[in-house]
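Observations on the model geometry
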Amino acid sequence: MSDEALVALFGVLVTLVLTSGSIFYLAQQTKAAVEQAKTAHQQAAVAANETVLGALREIHLLMIERPALRPYFYGGKSCPENDPLCAEVVTVGELLADVMNQGIVTHETNPQSTSAAPWDDYCRTTLASSPVLRELIAVHPKWWPDLVIRCPTQP
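Residues numbered from 1 in each chain as written. Predicted model: local features only at pLDDT ≥ 70, side-chain atom pairs only at ≥ 80, totals over all residues. Heavy atoms only, no water.

Among the nonpolar cores identified, the biggest contains 28 residues, and F73, V89, L96, M100, W119 and L147 are the most heavily contacted of them. Listing elements by their share of this core, those giving two or more residues are α1 (3–65), α2 (71–74), α3 (86–109), α4 (116–128) and α5 (131–139). Broken down by element, the residue count for this core peaks at eight residues, all from α3. (Core = buried A, V, L, I, M, F, W, Y, C linked by side-chain atoms within 4.5 Å. Buried < 20%, exposed > 50% of the residue type's maximum accessible area, 1.4 Å probe, protein only. Helix = DSSP H or I, 4+ residues; strand = E, 2+ residues; numbered from the N terminus.)

Set out below in structure tokens:
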């Protein structure tokens, strides 16, 4: 083998080693980027869930201030139009339905969330115990589409 052929072979080997090193480095960078993306998604899921839970806490604080409201949502109490609290109950019901629907959307857009099943159970249980919420959703199904399918079939 001539000196020129040896130099060319050596050049090819060096190129192969450098290319392999570059590919390995690129693979490491890609792996790190994937891990960063996973962490960012997890943080976004936690932040979104905290936002929904914060809104729910606000409604519960309102119910602590106005204890007469709670039975309409968790105690099976209906709200006839002649009820003096009716306007307030309907407004709180709309707020609660907004929060419940947003919680469902939040969990569906963040599949890594570990609280999706408990949130779904909370929504189903609350809807089952609240004629007010069921009536609101029946009247305005497009406002809370994710709650419509979670409403029990019986009134």
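From this point, the narrative continues.
Caution is warranted with low-pLDDT regions, since their predicted coordinates should not be read in detail. Averaged over every residue, the pLDDT of the protein is 88; residues scoring 70 or more account for 97%. Averaged pLDDT values over the elements of the protein bottom out at 81 in α1 and peak at 97 in α2. (pLDDT = per-residue confidence, 0-100.)

This brings us to a nonpolar patch on the surface. Nonpolar side chains collect at one region of the surface, where M1, L6, L9, V12, L13 and L16 lie side by side and expose about 610 Å² of accessible area between them. Following the sequence through the fold, V12 ends up in helix α1. (Patch = residues over 30% accessible without salt bridge, like charges linked within 9 Å, V, L, I, M, F, W, Y side chains within 5 Å. Areas by Shrake-Rupley, 256 points an atom, 1.4 Å probe, with all protein chains shown as cover. Salt bridge = Lys/Arg side-chain N within 4 Å of Asp/Glu carboxyl O.)

Running from N to C, α4 and α5 point in directions that differ by 100°, and their axes come no closer than 6 Å. Judged by the angle between their axes, α4 and α5 are roughly perpendicular. On α5, the residues touching T126, L127 and A128 of α4 are L133, R134 and I137. Taken together, the residues that form the contact of α4 with α5 break down as four nonpolar, one polar and one charged. (Axes fitted to C-alpha atoms, helices over the stretch in contact; angles between N-to-C directions. Parallel < 35°, antiparallel > 145°, perpendicular 65-115°, else oblique. Contact = heavy atoms within 4.5 Å. Nonpolar A, V, L, I, M, F, W, Y, C, P; charged D, E, K, R; others polar.)

Our focus in this paragraph is the environment of V105. Looking at the secondary structure, you find V105 in helix α3. For V105, a relative accessible area of 27% translates into the label partly exposed. Along the sequence, V105 and P131 sit 26 residues apart, while their C-alpha atoms lie 23 Å from each other.

Remark: α3 packs on α4, axes separated minimally by 10 Å, with the N-to-C direction vectors making an angle of 150°. One element, α3, and the other, α4, form an angle in the roughly antiparallel class. The handedness of the crossing between α3 and α4 comes out as left-handed. Every residue of α4 that contacts α3 at L96, V99, M100, G103, I104 and H107 is listed here: A116, W119, Y122, C123, T126 and L127. Grouping the constituent residues of the contact of α3 with α4 by class yields nine nonpolar, three polar and no charged. (Left-handed = near helix turned anticlockwise from the far one by under 90°.)

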